[in-house]
There are 2 protein chains.
Amino acid sequence: MARNKHPEQTVQLILDTAAKLFLQKGYDKTTLQDIIDATHLSKGAIYHHFASKEAILIAVADRMGEHNTAILAEIRDRKGLTGAEKLREMCRSAVLLSFQGGIVHMLPFLIENPRFMALQMQSILEEAAPHYALPILREGIADGSIHADYPEQLAEVLLLLSDLWLHPVLRPSTPEQVRARCDFYNQFTRQYGFELLDEDIIDAIVALCRT
Amino acid sequence: MARNKHPEQTVQLILDTAAKLFLQKGYDKTTLQDIIDATHLSKGAIYHHFASKEAILIAVADRMGEHNTAILAEIRDRKGLTGAEKLREMCRSAVLLSFQGGIVHMLPFLIENPRFMALQMQSILEEAAPHYALPILREGIADGSIHADYPEQLAEVLLLLSDLWLHPVLRPSTPEQVRARCDFYNQFTRQYGFELLDEDIIDAIVALCRT
DNA sequence: AGATACAGACCGGCGGTCTGTATTATTTTA
DNA sequence: TAAAATAATACAGACCGCCGGTCTGTATCT
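Being a predicted model, the structure only gives us computed values, none of them experimental.

Caption draft 1: Spotlight on the overall build of chain A. A tally of regular secondary structure across chain A gives 10 helices and 0 strands. For chain A, the N- to C-terminal ordering of α and β elements is α-α-α-α-α-α-α-α-α-α. Relative to its full complement of 211 residues, chain A shows a buried share of 48%. When contacts within chain A are restricted to residue pairs at least 6 apart in sequence, long-range pairs at least 24 apart make up 65% of them.

Shown next as structure tokens:
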């Protein structure tokens, strides 16, 4: 086999397979041989499309990041909602996405992987917080649905916390504990004039943490 | 050389050297050959005392954890302070310890290392929060210096946040940003009836983030 | 003819094992 | 009770399999 007419398919195959394997076994424990066996490609094929094993990891991470960013942007630009409502929508989407898209099952992998962890933290603090959560907070302040003195810090805290308690592996919890955390979270945001979690989202989170 | 009369010294030598190297170069990039070269021991010597490279890592982590725990316990058991004052002391010690003991320089290493990260998270959520921060919070509630409806969640948030913004590598910040974060943090704790950070600690944190 | 898309032998280095050896501790024996 | 035998300790270092990465070769397209 040579001079495949659709090399992009090969790239996608490598990416899909690698993502699955990284997820199952973790990055370090996934060897190139594993990817070779699963794709039935040769070492040369893989190294023709990617400079290194790490390059595959970064490409996988980028794909996931773009997916998330697209959803955040869509909500940010939606019309006819107050800032507080957009925040609630963002939260709802994040939860449902985690649930349906299997992202929840990726989180342990993300956190256990140093490079991903760094990327994730960086994307929260340098991308998600300033470019998505912060504008929405400012909108909410402008339309009166939110009143915060330090929106920059609040944006970071909201994202970091939501990220942390969504992690079912680091935080295996009973439904009661999950509800208590949601209550605490609502109490926290209430001082800024809004409630982040409605009953439906809380139910979804509880269901999500039980898996 | 054989049948050393003080094998514990060898163990300490390995631990000290490994800790230094892990800190400088990270765990993954530190090879056994590096440790062998630095200690002038043989591979056999190291594998006589440790089952694997990972076992060395865990031993290093344990030593550090014990050190931290001892300090937390000392403050928790101190007499004649309100709960809020103990929290302040805990925070002050953590900052000064980070500054003087070089722990700050270890944090990037800790966070970049998945196993340490998991251990650290676990120790915060399963050790530090329930066994140290939570009792102090309850003390504060009892003596009236703190009023929190969800002390469990508050303990976790305090520790997770303090851990996050103490990290200078993930969060390179200007002095102004650091002060704004401290203000936000005080505003956050003020709703529970106390201020966590006094001027001295804030100055120390600012100085610490500048290094 | 040259670029592309692979195939697969090959390499240095890594964590880990295994056998060997010198020294000390313990037990056995005279 | 002292010497001899045996076992256990504390290493030393050759050796092994595997891993990420390279390099050369080859078939197919433009």
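Caption draft 2: Region of the structure containing the protein's contact with DNA strand C. Within the structure, DNA strand C sits among 19 residues, and Ser-42 of chain A together with Leu-32, Lys-43, Tyr-47 and Lys-53 of chain B are positioned closest to it. Those atoms of DNA strand C that come within 4 Å of the protein belong to sugar or phosphate at a rate of 65%. A distance of 3.3 Å separates a phosphate oxygen of DNA strand C from a polar atom in the side chain of Thr-10 of chain A. Contact between DNA strand C and Ser-42 of chain A: a phosphate oxygen at 2.7 Å from a side-chain N or O atom of the residue. Counting residues per element, the ones that place at least two in the surface near DNA strand C are helix H1 (7–25) and helix H3 (43–49) of chain A together with helix H3 (43–49) of chain B. When residues of the surface near DNA strand C are assigned to their parent elements, the largest contribution, 4 residues, is made by H3 of chain A. In the surface near DNA strand C, the residues fall into 6 nonpolar, 9 polar and 4 charged.

Caption draft 3: Region of the structure containing the protein's contact with DNA strand D. In the vicinity of DNA strand D lie 21 residues, with Leu-32, Lys-43, Tyr-47 and Lys-53 of chain A together with Ser-42 of chain B positioned nearest. One of the side-chain N or O atoms of Ser-42 of chain B is found 2.7 Å from a phosphate oxygen in DNA strand D. Within the side chain of His-49 of chain B, a nitrogen or oxygen atom sits 3.0 Å from a phosphate oxygen of DNA strand D. Sorting the residues of the surface near DNA strand D by element identifies H3 of chain A together with helix H1 (7–25) and H3 of chain B as the ones contributing at least two each. In terms of residue count, H3 of chain B provides more of the surface near DNA strand D than any other element does, 5 residues in total. Residue composition of the surface near DNA strand D, grouped by class: 6 nonpolar, 9 polar and 6 charged.

Caption draft 4: Quick look at the domain arrangement of chain A. Residues and elements named next belong to chain A. Splitting chain A by domain gives domain 1 (7–49) and domain 2 (55–210). Taken together, the contact between domain 1 and domain 2 spans 12 residues of the former and 9 residues of the latter. Summing the contributions of domain 1 and of domain 2, the shared interface buries around 930 Å²; its carbon and sulfur component is 77%. Contact with domain 2 buries area across many residues of domain 1, yet Leu-15, Leu-23 and Tyr-27 alone supply 54% of it, more than any other trio. Linking domain 1 to domain 2 there are 1 salt bridge. One salt bridge connects Asp-16 with Arg-63, and the closest N-O pair in it is separated by 3.0 Å. Where domain 1 packs against domain 2, one counts 2 residue pairs in polar contact (both at pLDDT 80 or more).

Caption draft 5: Summary view of the side chain of Thr-17 of chain B. All names here are of chain B. With respect to the helices and strands, Thr-17 occurs in helix H1. The exposure class assigned to Thr-17 is buried, which follows from its relative accessible area of 11%. A distance of 2.6 Å separates the side chain of Thr-17 from the backbone oxygen of Leu-13, its partner in a polar contact. Sequence-distant contacts of Thr-17, that is, excluding residues within four places in its chain, are made with Ala-38 and Thr-39.

Caption draft 6: Local environment of the packing of H1 of chain A against helix H4 (residues 53–76) of chain A. Residue and element names in this part refer to chain A. Where H1 contacts H4, the axes come no closer than 10 Å and their chain directions differ by 90 degrees. Judged by the angle between their axes, H1 and H4 are roughly perpendicular. Across the interface between the two elements, Gln-12, Ile-14, Leu-15, Asp-16, Ala-18, Ala-19 and Phe-22 of H1 pack against Ile-56, Leu-57, Ala-59, Val-60 and Arg-63 of H4. Taken together, the residues of the contact of H1 with H4 break down into 9 nonpolar, 1 polar and 2 charged.

Criteria and cut-off values
- Residues numbered from 1 in each chain as written.
- Chains lettered and ligands numbered in written order.
- Predicted model: local features only at pLDDT ≥ 70, side-chain atom pairs only at ≥ 80, totals over all residues.
- Heavy atoms only, no water.
- Helix = DSSP H or I, 4+ residues; strand = E, 2+ residues; numbered from the N terminus.
- Buried < 20%, exposed > 50% of the residue type's maximum accessible area, 1.4 Å probe, protein only.
- Contact = heavy atoms within 4.5 Å.
- Near = heavy atom within 4 Å.
- Polar contact = N/O pair within 3.5 Å; in protein donor to acceptor, adjacent residues only side chain to side chain.
- Nonpolar A, V, L, I, M, F, W, Y, C, P; charged D, E, K, R; others polar.
- Domains from an automatic or database assignment.
- Buried area = accessible area lost by both parts, 1.4 Å probe.
- Salt bridge = Lys/Arg side-chain N within 4 Å of Asp/Glu carboxyl O.
- Axes fitted to C-alpha atoms, helices over the stretch in contact; angles between N-to-C directions.
- Parallel < 35°, antiparallel > 145°, perpendicular 65-115°, else oblique.

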